[in-house]
Amino acid sequence: MLSVIGVTPIRIFWVVFFVLAVWLQLFFPGTDFFVSGIILCLQRERFRHVLALILPALLIQEGAGALVFGAGLLRYGGLVGMFLIGRGLFEARSPVFILLLAAAFALAQMIILHTMAGLQSMNIQGQRLFLESLTMFATTVLGWWFLDAVYRFISRHASQS
C-alpha cells in the first residue's frame, strides 16, 4: 500500500536521515552531518537523488553559516569531485576509500574555511579549525559506517517483503 503512493523504506530512510542531520547540527555546531549521507547517496543512488540531498543541505548550510555564500558550495562540490575522482582509483564502497575521502574532505574543509574567513577579515584560531576538521573526519567516517549498515539492513528487508 505504501509503495503505491510512493512511500518506500528507502525514501523514509532518507527523510529520517535528513531530519536527524539537521537536529544533530543544532547540538554540535560546526559539524556537518550531511556529508556522510551524501557519500552514501553517491555510492548507492542515482545522481538526481544526490542533487535532491545536496540542494537542501546546501541551502541550510549557507543560510545558517556566518560566511558569505560559496563556502558550502565549494565544500559539497569538492566532496562530489573527490568522490568521482577517487572511485576511479578505489572501490567506492571500500572502507579505505572512505577513510581517504574523509581525510581529504576534512583537509579541504580546513582550507576552504580558513580562506573564506580570511576574505571576510574574520579571525579563526588555527587550533580550533584543526580540531573541527578532526571532528569532521571522525563524524564522516562513523556516520558513513552507521548509515551504510542501516541502509543495507533496510534495502535487504525491503527486497524480502
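Scroll up for the structure.
What counts, and where the lines are drawn
- Residues numbered from 1 in each chain as written.
- Predicted model: local features only at pLDDT ≥ 70, side-chain atom pairs only at ≥ 80, totals over all residues.
- Heavy atoms only, no water.
- Helix = DSSP H or I, 4+ residues; strand = E, 2+ residues; numbered from the N terminus.
- Buried < 20%, exposed > 50% of the residue type's maximum accessible area, 1.4 Å probe, protein only.
- Contact = heavy atoms within 4.5 Å.
- Areas by Shrake-Rupley, 256 points an atom, 1.4 Å probe, with all protein chains shown as cover.
- Core = buried A, V, L, I, M, F, W, Y, C linked by side-chain atoms within 4.5 Å.
- Axes fitted to C-alpha atoms, helices over the stretch in contact; angles between N-to-C directions.
- Left-handed = near helix turned anticlockwise from the far one by under 90°.
- Nonpolar A, V, L, I, M, F, W, Y, C, P; charged D, E, K, R; others polar.
- Expected span 1.5 Å × (residues − 1).
- Arc of directions from axis to C-beta.
- Phe/Tyr/Trp six-rings, centres within 6.5 Å; stacked < 30°, edge-to-face > 60°.

Colleague: Let's hear about the overall build of the protein chain: which residues, and what values?
Modeller: For the protein chain, the count of helices and strands is six helices and zero strands. Of the regular secondary structure in the protein chain, the N- to C-terminal order runs α-α-α-α-α-α. Taken over 161 residues, the protein chain has a buried fraction of 39%. Expressed as a percentage of contacts within the protein chain between residues at least 6 apart in sequence, the contacts between residues at least 24 apart total 66%. Of the roughly 9600 Å² of accessible surface on the protein chain, 71% is carried by carbon and sulfur atoms.

Colleague: Outline the nonpolar core, supporting the account with residue identities and numerical values.
Modeller: Core analysis: the biggest nonpolar cluster contains 33 residues, and Trp 14, Phe 34, Ile 38 and Tyr 76 have the highest contact counts within it. Of all elements in the fold, only helix H1 (9–27), helix H2 (34–44), helix H3 (47–64), helix H4 (71–86), helix H5 (95–119) and helix H6 (126–160) reach the threshold of two or more residues within this core. In terms of residue count, H2 provides more of this core than any other element does, seven residues in total. If we skip the residues at most four places from it in the chain, Trp 14 touches Gly 37, Leu 40, Cys 41, Glu 45, Leu 53 and Tyr 151.

Colleague: Now, about the packing of H2 against H4: what can you tell me, with residues and values included?
Modeller: At a minimum axis distance of 11 Å, the contact between H2 and H4 shows a crossing angle of 35°. Considering how the two elements wind past one another, H2 and H4 form a crossing that is right-handed. When H2 is examined against H4, the residues Phe 34, Val 35, Ile 38, Ile 39, Leu 42 and Gln 43 are found in contact with a partner set consisting of Tyr 76, Leu 79, Val 80 and Phe 83. Taken together, the residues that form the contact of H2 with H4 break down as nine nonpolar, one polar and no charged.

Colleague: Explain H4 to me, using residue names and the numbers behind them.
Modeller: Helix length check: H4, at 16 residues, gives a terminal C-alpha distance of 22 Å against a target of 22 Å (1.5 Å per residue), a fit within 8%. Of all the positions in H4, only Ala 71, Gly 72, Arg 75, Tyr 76, Leu 79, Val 80, Phe 83 and Gly 86 are classed as buried. Seen end-on, H4 carries its buried residues on one side only, within an arc spanning 165°.

Colleague: Could you give me a rundown of the packing of aromatic side chains, with the residues and numbers involved?
Modeller: Following the criterion strictly, the structure yields nine aromatic pairs and no others. With centroids separated by 5.0 Å and ring planes inclined at 40°, the aromatic side chains of Phe 18 and Phe 34 adopt a geometry described as tilted. Of the two residues, Phe 18 is situated in helix H1 and Phe 34 in helix H2; the sequence distance between them amounts to 16 residues. For the pair Trp 23 and Phe 27, a centre-to-centre distance of 5.0 Å together with 80° between the ring planes defines the contact as edge-to-face. Of this pair, Trp 23 and Phe 27 both sit in helix H1, four residues apart, which is roughly one turn of the helix. By the ring-pair criterion, three or more aromatic residues cluster together here, those being Phe 13, Trp 14, Phe 17 and Tyr 151.

Colleague: Tell me what's going on with the environment of Leu 51, and back it up with residues and numbers.
Modeller: Structurally, the position occupied by Leu 51 is in helix H3. A relative accessible area of 38% places Leu 51 in the partly exposed class. Separated by ten residues in sequence, Leu 51 and Cys 41 place their C-alpha atoms 9.5 Å apart.

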